[in-house]
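Residues per chain, in single letters:
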Amino acid sequence: MHTTTNSHRWPLKSPKATVRSLENKLDSVQCSRSTLHEARDCFVFVFTETWLNNNIPDSAIRIHGLSCYRVDRDTALSGKTHGGGLCSYQQGMCRPFYLPLEFTAIVIVVVYVLLCENAKNALCEL
């Protein structure tokens, strides 16, 4: 993690993880946010392979104090019956202290490309 000479101000930090089922890992994430300052100071959490689907409501994966944005696997598009999915959690204000004043907002984009052969095409689309 990067820190600056001013120990009270943190740069934008974001842990990312492939969780292989987010539902059963939420207690660990919430515990980390309560006990580890590295997790408590993060603005964004990004998880891949969440294994979420439309049968799992947002209320089942809620983390107190964070907004949840998710993209579940689409069986019709992927042909997969399990696996896949993205989920990100964001604190209310995502403005790192070192962002120049000319920038009034930042955009966070989460992209997960499963196969390496698709990476070039995905980058062209982005």
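Description of the structure in this document. Remember, it's a predicted structure, so these values are computed and weren't measured experimentally. (Residues numbered from 1 in each chain as written. Predicted model: local features only at pLDDT ≥ 70, side-chain atom pairs only at ≥ 80, totals over all residues. Heavy atoms only, no water.)

### Let's talk about the pairing of strand S2 (residues 44–48)
The side chains of a regular strand alternate between both faces of the sheet.
Move 1: The buried fraction of S2 amounts to five of the five residues, a majority that puts the element mostly inside the structure.
Move 2: The alternating pattern of S2 places Val 44, Val 46 and Thr 48 and Phe 45 and Phe 47 on opposite faces, both of which are buried.
Move 3: Where strand S1 (residues 16–18) lies against S2, three bridges are found, and the strand directions are parallel. The partner of Lys 16 across the bridge, within S2, is Val 46.
Move 4: Note that S2 and strand S4 (residues 86–90) share five bridges and pair antiparallel. Looking at the pairing, Val 44 lines up with Gln 90 of S4. (Buried < 20%, exposed > 50% of the residue type's maximum accessible area, 1.4 Å probe, protein only. Helix = DSSP H or I, 4+ residues; strand = E, 2+ residues; numbered from the N terminus. Pairing = 2+ DSSP bridges.)

### A few points about the side chain of Thr 48
Move 1: Mapped onto the elements of the fold, Thr 48 is located in strand S2.
Move 2: In this structure, Thr 48 is in contact with Ala 17, Thr 18, Val 19, Arg 20, Gly 85, Leu 86 and Tyr 112, ignoring residues within four places of it in sequence. (Contact = heavy atoms within 4.5 Å.)

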